[in-house]
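Here is how the chains run, residue by residue.
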Amino acid sequence: DFRMQLLATASALALIAAACKTSGAIASEGGRPTVWIELGGQLERVDGGEEMFAPPFILKTPRQSTETIAPLSLTHDPRYNKGAEASISVSPENSDWVFSAAVRYGRSNGDKHVHQQSYPGPFNKYYSGHVAPAYPIAARFTDTTVKISQQHLVLDFQVGKDVGLGMFGSKEGTSVVNLGVRFAQFTGRSNITLKSNPDWAFSYKYLNYPSYGFTNVKIVKSQPYHSNMAHFSASRSFHGVGPSLSWKASAPVAGNAETSEISFDWGVNAALLFGRQKTRTYHQTTSENHYLHPGQFRTVPGSRVTVYQNPPTPDHTRSRSVTVPNVGGFAGLSFRYANARISAGYRADFFLGAVDGGIDGRRTYDRNFYGPFATVSIGLGG
């Protein structure tokens with residue numbers, strides 16, 4: 001994986017350096033830039049997910065009110081990521097060929113801590129011949145801590161040919177078919193801790209001591225409760241490389257190429273990535289029952305008995321060679337003025353079955369990215 005990334009990075013740097021060195025020497029007599037350098041950013045929705053960690057006790061946690069947040073609703077992956085992109089394309093003078101390199105990077109982070117609690121009010125307690133208010137020793141609560149991060153990197157190296165000059169009624173319209181290589185990398189980490197006491201309750205007794213003035217006085221005999229905790233951690237990754245095919249087209253809709261112009265851009269892409277999925281997971285769940293023996297009139301914790309305990313699972317480590325299909329597309333508008341261009345649009349990329357999102361066993365999930373993007377380009381050599 002390291003050698004693959006090093007080779008891809010070195011190739012990109014070599015292509016950029018060569019293009020920048022050549023751009024000062026080559027120029028198009030017709031005014032068409034021979035080199036385009038593009039920088040931009042994107043905000044993308046991320047779909048795909050992974051298997052949900054749901055320990056038994058959290059499924060039985062009652063909702064205290066309509067405003068209570070369900071703990072499991074906090075453990076999902078971040079919905080959006082943001083990132084940056086860059087590309088360089090070289091079209092030699094008097095040629096329909098285009099050589100390009102592009103990189104796209106995005107990341108998302110989720111860091112949440114939510115504590116929800118409801119506390120019962122005071123109750124009657126019997127103290128050596130008299131009744132007085134006392135307070136509970138435990139509250140009903142849920143405590144959820146979630147830390148999730150995801151990153152993705154996509155590199156493209158392509159060679160294309162403009163096969164559509166003039167096909168849109170203008171010599172400035174383009175239709176470029178590209179062949180090349182795509183490298184994609186996805187990584188993610190999850191750390192989730194869930195705690196709760198979902199069912200605090202009281203054990204009551206009625207006192208009848210007329211001589212003390214007590215007739216059917218309801219007092220608390222004891223307050224058993226539970227102490228539950230679960231922890232889950234996971235790291236997942238996919239690295240793949242393979243052939244790619246794309247079609248990018250542009251048609252002017254307003255303006256003049258000699259001064260300023262607005263064009264409609266669109267394109268589709270497909271790739272077949274050969275790589276490896278890796279996953280490592282760990283989880284543990286523990287629940288303790290705090291109780292008092294019958295006949296005890298006190299509200300301090302009694303014996304602790306473990307109701308159930310799932311011992312720490314061994315690390316589930318999996319690695320598998322996979323083939324991941326990738327399809328996508330984009331559409332947008334560009335405004336060009338002299339040798340500069342501003343573009344904005346909407347893009348989608350779907351990587352099918354790219355990540356092993358299972359916990360104790362392998363389960364594949366897609367990684368889908370879609371959302372708006374914007375770029376600024378500078379043309380050189382025109």
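Conventions used here
By convention here, each chain's residues receive numbers from 1 onward along its written sequence. In keeping with the predicted nature of the model, local features appear solely for residues at pLDDT of at least 70, side-chain atom pairs appear and are counted solely at 80 or more, and the whole-chain, interface and lining totals rest on all residues. To obtain the side-chain values, all non-hydrogen atoms of the structure were used and water was disregarded. For helices the rule is a DSSP run of H or I covering at least 4 residues; for strands it is a run of E covering at least 2, with both sets numbered from the N terminus onward. With a 1.4 Å probe rolled over the protein chains alone, any residue whose accessible area is under 20% of its type maximum counts as buried; one over 50% counts as exposed, and the rest are partly exposed. Contacts are residue-level and defined by heavy atoms, with any inter-residue pair within 4.5 Å sufficient. Per-residue and other accessible areas follow the Shrake-Rupley method at a 1.4 Å probe size, with only the shown protein chains counted as cover for residues. The rule for a salt bridge is simple: a side-chain nitrogen of Lys or Arg has to be within 4 Å of a carboxyl oxygen of Asp or Glu. We call two strands paired when DSSP finds no fewer than two bridges between them. Pairs were defined over the aromatic rings of Phe, Tyr and Trp, the Trp ring being its six-membered one, requiring ring centres within 6.5 Å. Orientation was assigned from the angle between planes: stacked under 30 degrees, edge-to-face over 60, tilted for the rest. Whether a charge sits over a ring comes down to the Lys NZ or Arg CZ being within 6 Å of the ring centre and within 35 degrees of the ring normal. Identification of polar contacts relies on pairs of N or O atoms within 3.5 Å, with a donor-acceptor requirement for protein atoms, meaning one able to donate a hydrogen and the other able to accept it, and with residues adjacent in sequence counted only if both atoms are side-chain atoms. The quantity known as pLDDT measures the predictor's confidence residue by residue, on a range of 0 to 100. Each nonpolar core is a collection of buried residues, namely Ala, Val, Leu, Ile, Met, Phe, Trp, Tyr and Cys, held together in the definition by side-chain atoms within 4.5 Å.

## Brief notes about the overall build of the protein
Alright, step 1. The secondary structure content of the protein amounts to two helices and 15 strands.
Alright, step 2. Across the 382 residues in the protein, those meeting the buried criterion constitute 41%.
Alright, step 3. For the protein, the proportion of contacts with a sequence separation of at least 24, taken over those separated by at least 6, is 75%.
Alright, step 4. Surface summary for the protein: the accessible area is close to 19,600 Å², and the carbon and sulfur share equals 59%.

## Here's the deal with the pattern of salt bridges
Alright, step 1. Scanning all chains against the criterion turns up nine salt bridges.
Alright, step 2. Asp 356 serves as the salt-bridge partner of Arg 318, at 2.8 Å between the closest nitrogen and oxygen. With a gap of 38 residues between them, Arg 318 in strand S13 (residues 316-337) and Asp 356 in strand S14 (residues 340-356) connect regions that are remote in the sequence. Residues Arg 318 and Asp 356 agree in their burial class; the two are buried.

## Some details on the pairing of strand S2 (residues 80-90)
Alright, step 1. Judged from the eleven bridges that link them, strand S1 (residues 35-47) and S2 form a sheet pairing that is antiparallel. By the bridge assignment, Glu 44 is partnered in S2 with Asn 81.
Alright, step 2. In this structure, S2 lies alongside strand S3 (residues 97-118), joined through nine bridges in antiparallel fashion. Note on S3: the bridge partner recorded for Gly 83 is Gly 106.
Alright, step 3. Between S2 and S3, which pair antiparallel one after the other, the connecting turn spans six residues, and Asn 94 there sits at a positive phi close to 55°.

## So, the packing of aromatic side chains
Aromatic rings considered in pairs are described by the distance between their centres and by the relative angle of their planes.
Alright, step 1. Scanning the model with the defined rule gives eight aromatic pairs in all.
Alright, step 2. Aromatic side chains Phe 186 and Phe 238 sit 6.0 Å apart centroid to centroid with 20° between the ring planes, which places their arrangement in the stacked category. On the criterion of sequence distance, the pair formed by Phe 186 in strand S7 (residues 174-197) and Phe 238 in strand S10 (residues 225-255) is long-range, its members being 52 residues apart.
Alright, step 3. The exposure class of Phe 186 is buried, given its relative accessible area of 4%.
Alright, step 4. Where Phe 351 meets Phe 369, the ring centres are 6.2 Å apart and the plane angle is 75°; that geometry is what we call edge-to-face. In this pair, Phe 351 is assigned in strand S14 and Phe 369 in strand S15 (residues 364-380), connecting sequence segments 18 residues apart.
Alright, step 5. Residue classification places Phe 369 among the buried residues on the basis of a relative accessible area of 3%.
Alright, step 6. Taken together through their ring pairs, the aromatic side chains of Phe 186, Phe 238, Phe 351 and Phe 369 make up a single cluster.
Alright, step 7. One residue, Arg 45, lies across the ring of Tyr 80, its end atom 5.6 Å from the ring centre.
Alright, step 8. The side chain of Arg 341 reaches across the aromatic face of Trp 36, ending 4.2 Å from its centre.

## Some words on the side chain of Ser 334
Alright, step 1. Relative to the helices and strands, Ser 334 resides in strand S13.
Alright, step 2. A relative accessible area of 3% places Ser 334 in the buried class.
Alright, step 3. For Ser 334, the side chain forms a polar contact with the side chain of Ser 343, separated by 2.6 Å.
Alright, step 4. Apart from residues lying up to four places away in sequence, Ser 334 is in contact with Glu 261, Ile 262, Ser 263, Asp 265, Arg 341, Ile 342 and Ser 343.

## What about the pairing of strand S6 (residues 140-162)?
Alright, step 1. Across 22 bridges, S3 lies against S6 in antiparallel orientation. Within the sheet, the bridge partner assigned to His 115 lies in S6 and is Asp 143.
Alright, step 2. Note that S6 and S7 share 22 bridges and pair antiparallel. Bridge pairing links Thr 144 to Leu 194 in S7.

## Considering the environment of Phe 99
Alright, step 1. Positionally, Phe 99 belongs in strand S3.
Alright, step 2. Relative accessible area serves as the criterion here: at 34%, Phe 99 is assigned to the partly exposed category.
Alright, step 3. C-alpha separation for the pair Phe 99 and Ile 88, spaced eleven residues apart in sequence, amounts to 8.3 Å.

## A closer look at the confidence of the model for the protein
Alright, step 1. Looking at the protein, the pLDDT average stands at 80 and 74% of residues meet or exceed 70.
Alright, step 2. Mean pLDDT across the secondary structure elements of the protein bottoms out at helix H1 (residues 2-23), with 50, and peaks at S14, with 94.
Alright, step 3. This stretch, residues 21-30, has a pLDDT under 50; its non-local contacts, to residues over four places away or in other chains, come to 13 contacts.

## Some details on the nonpolar core
Alright, step 1. Of all hydrophobic cores here, the largest spans 13 residues; its most connected members are Ala 184, Phe 186, Phe 238, Leu 273, Val 324, Phe 351 and Ala 354.
Alright, step 2. Elements with a minimum of two residues in this core: S7, strand S11 (260-290), S13 and S14.
Alright, step 3. With three residues, S14 is the largest single contributor of residues to this core.
Alright, step 4. Discounting chain neighbours no more than four positions away, the residues touching Ala 184 are Leu 153, Val 154, Phe 238, His 239, Gly 240, Leu 273 and Phe 351.
Alright, step 5. The next biggest cluster of nonpolar side chains, apart from the first, holds twelve residues, and it includes Phe 53, Leu 72, Ile 192 and Ala 234.

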